Each structure stands twice: as C-alpha cells, then as structure tokens.
Amino acid sequence: MTEKLYEISVEVNGVRCEGRVPARLSLVDWLREELRLTGTHVGCEHGVCGACSVLLDGEPVRSCLMYAVQAHGHRVGTVEGLSSAEGALSPLQDAFCEAHGLQCGYCTPGMLIAAQALLDATPHPTEEQIREAIGGNLCRCTGYAQIVEAVLLAAERSR
Amino acid sequence: MKCVKSPAFEYTRPASVEEACALLARHGADAKVIAGGQSLVPMMAMRLVRPSVLVDINEIDALKYLAIEPQEARIGACTRQVTVERDDVLSERIPLLRMALKCVGHVQTRNRGTVGGSLAHADPSAELPLVALVLGARLRLRSASGRRDVQAREFLTGAMSTAVRPDECLEELGWPAWRERRTGAAFMEVSIRHGDFALVAAATQVALDAQARCTRASFGLAGIGATAVAFPELAGRLVGTKIEDALVEEVANAAAKHISPGSDMHASSEYRRHLARVLVARTLRAAREKAASA
C-alpha cells in the first residue's frame, strides 16, 4: 500500500517551500531531510529537550511535536534564518561565540531560537526572563551560565 | 519515507466546528482530535495511540477566543495556553489560571499547547484539570447532534479518560470568576525540574469577608491518583473561620489522609502524601494572605 501524500506550502526563512509529505512526517524531519536545513537538531523526539525549536509564525515551538502537514500556510523560521544570506553571524550568534555559550553545539540551534524569540519580544530581558525562555532547552555541556551570559551580552550590545 | 515515527493515518483539516463534528461522527473511535499535539504527537510516536484519522482543529478560528464575563471566563478549546497566560485582565479575575500555566511545560510547549487539549488529555498530574476541578469549570462538548455542558468533576473520569464521547469535540471551557472582593488564590507544585510533570500540585482559592472570616473556600490536589481531587467537605470546614494556622494544619492533614497516591521511580507514595499535606497547608496560608490584603 502506498501512503497518501499531502501537498504543503510553507514559508521557511522567508522562502516559499512546496512539498509532498505523508501526514506522519514531523516538521523537523521535513526541514532536515527534504529541505536539507540540518541546522535544526533532532534530540529526544518527544518534546523534552528543545533542540528542535523553530519559530512558527514568530513564536518558538518544538518542531518534533508537529507534523509537517500542519505547517501548511504558516511561516517557519530556523536557525539558518538567523544569519544573513552571506553567512555572517547574527549579533546573538556572535555573543554565543564570545561568551563560550556552547561546547558540543547540539543544543545550540534550539537555544538560539528560544533566545532570539525572547529578544524579539523583550529586547532587554532580565536574567530570570532569559532562564525562563530557555527553560525548555536542555544543555548537557556548559551548565547554562555561559548561555545566559551570551544572551545578556547580545541584549547589552543592542542598546 | 524514512524518519516517520507515528503509524500512518489520514489527515483531515476541518475549517469549522461543524465540519470537525461531521468527521468525528463519520469515523467515531477511529478518529482523534489533534489540537496543540504536545501530548498526542509523542504518544503517537511511541505508538501508545494509533488513530487512523486525525482531525486537526488548529485552523478553526471559532475555537480560539477568550471572553471575560462577570460570572465566568469563556475560553475556546483551541486557545493557546500562552494566550491565556499572558492576559492580564483574566489573571486578575481568575488568578489560578496564570499561576497554573507557569508550571505547564515550557514557553515552546505553551505556544502550541491548548487549554482544551490539557483538559481532554487529562493527565493525572496536569495543572489545568486541577484548576478546573477546584473552580468547578464547565466544559462544553459539541457533536453533530448538538451541545452539552459537563462539570469538571464529571468530565474527569480517570487517568487520561474523560466524558468526551468518540463523536464529540471539546468546544469551550467556562471558568467561574469569584466576585467576592477579598478573594485570594495560590498554586504550588513540586516537580523534579520546573516545567516537568508535577509530583504533586495543589490549588487553593478562598474568599474572606470584611472581618477576615472565610465565606468560601475550595482546594484540590493533582498527582496523587488517577485524577485530580477536590475536597469540598474539608474546604467547608474553613467557612466561618479566620483560617487560623492550626485549622490549616488540621485540614491539610485530613486531606493527606484521604488520598492514596501511587509510587513510581520519581516519588514514593509516602513522599507524595507528605507533599500533599505541605502543599495544601502552604497554598491555604498563601491564599488567605492574598485575600486578606485584597
């Protein structure tokens, strides 16, 4: 039996992307396997680790907890969309480098998405607000202190 | 297709509640409503549930609203948790909702998760079913043959079981607003990490008169059995009193004796009972103080 495919049209990082997907394909797998946007990481695949965070219509969500077909007609932003087309890092990404906000880098795309969403809504957050914003993102290397410092640094620079 | 985790299913995306109900009437128990999917998608990935048809209600705007009326706040079933959490007027009228939502998952899950979804999923440790029980929320169910209203205590029938029939869809939640001027609420929970499932959660609301005597009280616990539990008789003992600390301890002890929580890898039955007693006492005192200063 061949599985039914559904036509989808999603704006990904400002670019209209069309696809034909089985209903059960998760959004993160479509982004990675079909669009080859492998910046979004797959971690736990059941909504616990936050590595797969993307922006859905501007708000951070877990792309492992959505089917690609559900993104039809919506806007999705991934970590690839944070940097410029030429590849220059965003101020937040620069701050992560400078403050040593990553070691292995596995959680980093999700951390960046969560932190960017916070900064978009609250340009000068408190440390508590930063911790709340990344509270759903697990890091197993740095222990979060430097990630928080990186977000504070990016916020400070935008003054 | 590589990478898929869920069993195959047919995807439907109704544009109206009527259309959703028609799909449910046609497919019955083979169909499942998906709202935010924050619990259903992992359950499907683990193949704990295998619906053959998903009815996606995310594009039904008629299920997304928040209407604050004098007697109650009416919230559409597909309203995102974040929308409810951020509403300042609602937080003033029904403070338990924001307090509880702060403990529901994380920003990313609340952006997608819905109020109706939390109730329909009915996890025994979930925060919103507890608040629904403590406040006596009304749940409106809709099917192709009409609407019916169910009270929270009849809605929550067991662990992850509700009174929703296979052909029904949760349409609206009505949260009673207490109109007493001196009303105070408190929500507390203990979890391994903030945002994790609660080991035990407690929600309390009390109203005081001008002399600081309690005129109305309600409290309940989650994480201590198949469903959240409210304690109307124990809460009734507070009415007419000044909710003195000694009475608070007595009521909290009685509540803890009344339950038989389970043991699992995260917490023993004894520890959960201890948390229940402590959290009931703490939320009662906190709610009393809030009401006294209102």
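**Quick notes on the overall build of chain B**
The helix and strand tally for chain B stands at 12 helices and 14 strands. Computed over its C-alpha atoms, the radius of gyration of chain B comes to 19 Å, within 12% of the 19 Å expected for a compact globule of 294 residues. With respect to the three principal axes, the spread of C-alpha positions in chain B is 65 × 45 × 30 Å. Counting only contacts in chain B whose residues sit at least 6 apart along the sequence, the fraction spanning at least 24 positions is 66%.

**Regarding the overall build of chain A**
Along the backbone of chain A there are five helices and five strands. In sequence order, chain A lays out its α and β elements as β-β-α-β-β-β-α-α-α-α. Against the globule reference of 15 Å for 159 residues, chain A gives a C-alpha radius of gyration of 16 Å, in line with a compact fold. Seen through its C-alpha atoms, chain A measures out along the principal axes to roughly 55 × 30 × 25 Å. Put simply, chain A has 159 residues, and 50% of those count as buried.

**Observations concerning the nonpolar core**
Residues and elements named next belong to chain B. Among the nonpolar cores identified, the biggest contains 144 residues, and Leu 96, Leu 221 and Val 280 are the most heavily contacted of them. Ranked by residues supplied to this core, first place goes to strand E12 (residues 198-208) with nine residues. Leave out the neighbours within four places in its chain, and Val 280 touches Ala 202, Phe 219, Leu 221, Val 251, Ala 252 and Ala 255.

**Quick notes on the interface of chain B and chain A**
Chain B puts 27 residues into the contact, and the matching count from chain A is 26 residues. When contributions to the side of chain B that touches chain A are tallied by element, the ones reaching two or more residues are strand E1 (10-12), helix H2 (40-45), strand E3 (53-56) and helix H6 (107-112) of chain B. By residue number, the principal contributor to the side of chain B that touches chain A is H6(B), which donates five residues. Considering only residue class, the side of chain B that touches chain A consists of 11 nonpolar, 11 polar and five charged.

**Topic: the domain arrangement of chain B**
You can read the domains of chain B as domain 1 (10-56), domain 2 (61-176) and domain 3 (183-292). One C-alpha centre belongs to domain 1 of chain B, the other to domain 3 of chain B, and the line joining them spans 35 Å.

**Comments concerning the environment of B:Gly223**
As for its position among the elements, B:Gly223 is in the loop between strand E13 (214-222) and strand E14 (229-230). The residues touching B:Gly223, leaving out its near neighbours within four places in the chain, are B:Pro124, B:Ser125, B:Ala198, B:Leu199, B:Val200, B:Ala201 and B:Arg272.

**Describing the sheet that holds strand E11 (residues 183-191) of chain B**
Within a beta sheet, neighbouring strands are joined by backbone hydrogen bonds and run either parallel or antiparallel to one another. Residues and elements named next belong to chain B. Strand order in the open sheet formed by four strands is E11-E12-E13-E14, with antiparallel pairing between adjacent strands. Looking at which strands have only one partner, the edges of the open sheet turn out to be E11 and E14. In the packing of helix H8 (residues 127-135) onto the sheet, contacts are made with E12, E13 and E14, and the angle to E13 comes to roughly 150°.

**Quick look at the pairing of strand E2 (residues 31-34) of chain B**
All names here are of chain B. What you see with E2 is no split at all: Ala 31 and Val 33 on one side and Lys 32 and Ile 34 on the other are buried throughout. As paired strands, E2 and E3 are joined by four bridges and run parallel to one another. Bridging from a neighbouring strand, Ala 31 pairs with Val 53 of E3. What joins E2 to E3 is H2, and the crossover it makes is right-handed.

**Examining the domain arrangement of chain A**
All names here are of chain A. Taken as a whole, chain A is organised into domain 1 (5-81) and domain 2 (91-157). When each unit is reduced to the centre of its C-alpha atoms, the spacing between domain 1 and domain 2 is 21 Å. Taken together, the contacts link 13 residues of domain 1 with 11 residues of domain 2. Listing elements by their share of the side of domain 1 that touches domain 2, those giving two or more residues are strand E3 (53-56) and strand E4 (59-62). Taken together, the residues that form the side of domain 1 that touches domain 2 break down as seven nonpolar, five polar and one charged.

**Description of the sheet that holds E2(B)**
Residues and elements named next belong to chain B. With parallel pairing, three strands are arranged side by side in an open sheet as E1-E3-E2. Of all the strands in the sheet, the pair left with one neighbour each is E1 and E2. Across the sheet, the axes of successive neighbouring strands diverge by a mean angle of 25°, strand direction being ignored. Across the sheet, helix H1 (residues 17-27) is in contact with E1, E2 and E3; its angle to E3 comes to roughly 165°.

Procedures and definitions
- Residues numbered from 1 in each chain as written.
- Chains lettered and ligands numbered in written order.
- Predicted model: local features only at pLDDT ≥ 70, side-chain atom pairs only at ≥ 80, totals over all residues.
- Helix = DSSP H or I, 4+ residues; strand = E, 2+ residues; numbered from the N terminus.
- Rg over C-alpha atoms; globule rule 2.2 N^0.38 Å.
- Contact = placed C-beta atoms within 7 Å.
- Buried ≥ 20, exposed ≤ 12 C-beta atoms within 10 Å, placed from the backbone.
- Core = buried A, V, L, I, M, F, W, Y, C linked by C-beta atoms within 7 Å.
- Nonpolar A, V, L, I, M, F, W, Y, C, P; charged D, E, K, R; others polar.
- Domains from an automatic or database assignment.
- Pairing = 2+ DSSP bridges.
- Axes fitted to C-alpha atoms, helices over the stretch in contact; angles between N-to-C directions.
- Right-handed = clockwise from strand over helix to strand, strands pointing away.

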